[in-house]
Amino acid sequence: MKNSLSSKGLSMSQAQSISNLCNQRAKEISTKLDNINNVSKELTIGTETYIETQGNPIPDNVVYLLQEKASLSATQAFLMENIKAKDELINEIRFEVFDYGVEEPLRPREVSEVLPSEVGEEWSWDQLTQAEYNEYLEAEAYASHIGQFIHKRGTLDRLRAELPNIKTLEFMEIEVGKKTPLKVTIHHTSEQLLTIHEELAALHRGYEQRVNYFKAKVKNAVTSENARIQRERADIQSTANAENEKLRREYTDACSKFYEERKRASQEFEAKRQERIQEAANLKINVAERFQGVIDTFLNQLK
């Protein structure tokens, strides 16, 4: 909006007072002009004369009055436009929104550690050489089959248990009432069976020791590898924790700096805005020359 605001000129209170006076004087002129008519009417009854319509012919200075009224209206419009312009300017400054123009720091994504998993015996068996694994398979087979033969309820155990109870002579009834001798031939002696048992037991122990050796090796390898993995997991976790702590610390510092600088910028913005509001509040109306005559007339009345 165009305006005539300036550091020098008519104050807003003066402008409002003069605007009111312009409006008042314009109403007075309007009243005179609105009551103009063409005729006056009188009624005479006896000695008494009654006025039915008051005559108000066009004043001799009607041109002057109309020009004065127009001048008053123009002057008032000029003053009100500038009063409004000043109010709008002050409100525009008052309702300005502070815009820092800098994005707030983004919270960093934490480092996600990838931790190795613990191993089981399947992994450990895979660590044996092919020769070792073949030896284990062989030893387990020998230990299993020899053990089944010599252990309780095995063939050799049964033979040794039966041998002392075998009778050297038995009879079989082939015909009713007639028994026929049955020849019994013993193949083994207790000493022979004991010798075989001791030989096989010694072999079994040897193979079983190898089987247990490989099983222990596998278990120990699992224990050792998992201990190493746990140390590695701890190192990875420690490194990730340290990195995440560093990221959090940097983010906190960045936020603190951001908020401090934004607060300082906001305070500076507010201080400057208040200065501009005060400057706008001090503005006056620089009266255009065409309105100066009317203004001066009413200023003299206000003194």
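As the structure is a computational prediction, the values presented were derived from the model and not from experiment.

## Some remarks on the pattern of salt bridges
Scanning the entire structure with this criterion turns up 13 salt bridges. Residues R248 and E110 are paired through a salt bridge, measuring 2.8 Å at the closest nitrogen-oxygen approach. Within this pair, whereas R248 is found in helix α6 (residues 190-281), its partner E110 is found in the loop between α2 (62-94) and α3 (121-127), the two being separated by 138 residues in sequence. Between E225 and R228 there is a salt bridge, and its shortest N-O distance comes to 2.7 Å. Taken together, the residues span about one helical turn, with E225 and R228 both in helix α6 at a distance of three residues. On the basis of relative accessibility, which here comes to 15%, the residue E225 falls in the buried class. Note on R228: relative accessible area 36%, which makes it partly exposed.

## Some points on the nonpolar core
Among the nonpolar cores identified, the biggest contains 23 residues, and L10, I18, L72, L79, I285, I295 and F298 are the most heavily contacted of them. Elements that contribute at least two residues to this core include exactly α1 (12-34), α2 and α7 (289-302). Sort the elements by how many residues they give to this core and α1 lands first, with eight residues. Sequence-distant contacts of I285, that is, excluding residues within four places in its chain, are made with S4, L5, K8, G9, L10, M12, A15, F78, L79, N82 and I83. Listed in part, the eight residues of the second largest apolar core include W125, L128, Y136 and V211.

## Observations concerning the packing of aromatic side chains
Aromatic ring pairs are described here by two measures, namely the spacing of the ring centres and the angle between the planes. Enumeration over the complete set of coordinates arrives at 11 aromatic pairs. With centroids separated by 5.5 Å and ring planes inclined at 50°, the aromatic side chains of F98 and F269 adopt a geometry described as tilted. Of this pair, F98 sits in the loop between α2 and α3 while F269 is found in helix α6, placing the two residues 171 residues apart along the sequence. Given a relative accessible area of 22%, F269 falls into the partly exposed group.

## Concerning a negative patch on the surface
Negative charge collects at one region of the surface, where E81, D87, E88 and E92 lie side by side. Mapped onto the elements, E88 comes out in helix α2. Note on E88: relative accessible area 36%, which makes it partly exposed.

## Regarding the environment of P57
Structurally, the position occupied by P57 is in the loop between β3 (48-53) and α2. In sequence terms P57 and N35 are 22 residues apart; their C-alpha atoms lie 8.8 Å from each other. The residues contacting P57, other than those within four sequence positions of it, are I36 and N37.

## Concerning the packing of helix α4 (residues 130-150) against helix α5 (residues 155-162)
Between α4 and α5, whose axes approach to 4 Å, the crossing angle comes to 20°. The pairing of α4 with α5 is recorded here as roughly parallel in orientation. Residue-level inspection shows Q148, F149 and I150 of α4 in contact with α5, the latter providing T155, L156 and D157.

## Here's the deal with the pairing of strand β5 (residues 178-183)
Taking burial as the measure, the six residues of β5 include zero buried ones, a minor fraction of the element. With six bridges joining them, strand β4 (residues 169-175) and β5 adopt antiparallel strand pairing. By the bridge assignment for β5, L169 is matched with K183.

## Quick word on the side chain of E68
Mapped onto the elements, E68 comes out in helix α2. When sequence neighbours within four positions are dropped, the list of residues in contact with E68 reads R25 and I29.

Definitions and limits used
Residues numbered from 1 in each chain as written. Predicted model: local features only at pLDDT ≥ 70, side-chain atom pairs only at ≥ 80, totals over all residues. Heavy atoms only, no water. Salt bridge = Lys/Arg side-chain N within 4 Å of Asp/Glu carboxyl O. Helix = DSSP H or I, 4+ residues; strand = E, 2+ residues; numbered from the N terminus. Buried < 20%, exposed > 50% of the residue type's maximum accessible area, 1.4 Å probe, protein only. Core = buried A, V, L, I, M, F, W, Y, C linked by side-chain atoms within 4.5 Å. Contact = heavy atoms within 4.5 Å. Phe/Tyr/Trp six-rings, centres within 6.5 Å; stacked < 30°, edge-to-face > 60°. Patch = residues over 30% accessible without salt bridge, like charges linked within 9 Å, V, L, I, M, F, W, Y side chains within 5 Å. Areas by Shrake-Rupley, 256 points an atom, 1.4 Å probe, with all protein chains shown as cover. Lys, Arg positive; Asp, Glu negative; His and termini not counted. Charge placed at Lys NZ, Arg CZ, Asp CG, Glu CD. Axes fitted to C-alpha atoms, helices over the stretch in contact; angles between N-to-C directions. Parallel < 35°, antiparallel > 145°, perpendicular 65-115°, else oblique. Pairing = 2+ DSSP bridges.

Function cannot be read off these values alone, since they describe shape.
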